[in-house]
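# Coordinate inspection notes
The chain contents come next:
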Amino acid sequence: LFGMMRAGSTNQVRLSSGVIHYRVLGDGPPLVLLHGLSGSGRWWRRNTAILARLFRVHLLDLVGFGHSRGQPFALTEAALGVIEWMDHLNLDQAHLIGHSMGGYITIDLAAHFPQRVRKIVLVDALALPMDRSFIRSAFGLAHALRYMPFNFLPVLVGDAFQAGPLT
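Residues numbered from 1 in each chain as written. Predicted model: local features only at pLDDT ≥ 70, side-chain atom pairs only at ≥ 80, totals over all residues. Heavy atoms only, no water.

## Comments concerning the packing of aromatic side chains
Applying the stated criterion across every chain, the model contains 2 aromatic pairs. Aromatic side chains Y22 and W85 sit 5.4 Å apart centroid to centroid with 75° between the ring planes, which places their arrangement in the edge-to-face category. Placement of the pair is Y22 in strand β2 (residues 18-25) and W85 in helix α2 (residues 75-88), with a sequence separation of 63 residues. For W85, a relative accessible area of 0% corresponds to the buried category. (Phe/Tyr/Trp six-rings, centres within 6.5 Å; stacked < 30°, edge-to-face > 60°. Helix = DSSP H or I, 4+ residues; strand = E, 2+ residues; numbered from the N terminus. Buried < 20%, exposed > 50% of the residue type's maximum accessible area, 1.4 Å probe, protein only.)

## Here's the deal with the environment of L34
One can find L34 in strand β3 (residues 30-34). Separated by 64 residues in the primary sequence, L34 and G98 place their C-alpha atoms 4.7 Å from one another. Leave out the neighbours within four places in its chain, and L34 touches W44, L60, L62, V82, I97, G98, H99, G102, I105 and T106. (Contact = heavy atoms within 4.5 Å.)

Here it is, written out as structure tokens:
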């Protein structure tokens, strides 16, 4: 199912923080998938076919990432951007799944807008405390890479290059 989606099938919404690109698959209650740092909606490709059987799956490329790259990203504004995107699509409530940084955004959104969230799933979510140095975080990421399936490496590297070093 995911393989049938092409780059041209992405939709976009202009937010106050920038343009956000997204794809929609399936039918059912809305489910929003939020990717991790330097990621994109492509990171969910192994999950979308199953999820789309039960949900209307929304794959976001957060501002600054994937098809939404080239725009400044602010983690402190990301949850509000997702709410603004939900408003544009008339999604009063949605299930949310957040991976890593997307998990942090999911937590932030659920804490500040609980009425907009049905259920959340956190996948290796970034959470407090966020006092680790850049070097310590980079070593932690390098350590985690050994558990990554080898065939995911092109997606990881491609998305990281697209997002750029400043993002």
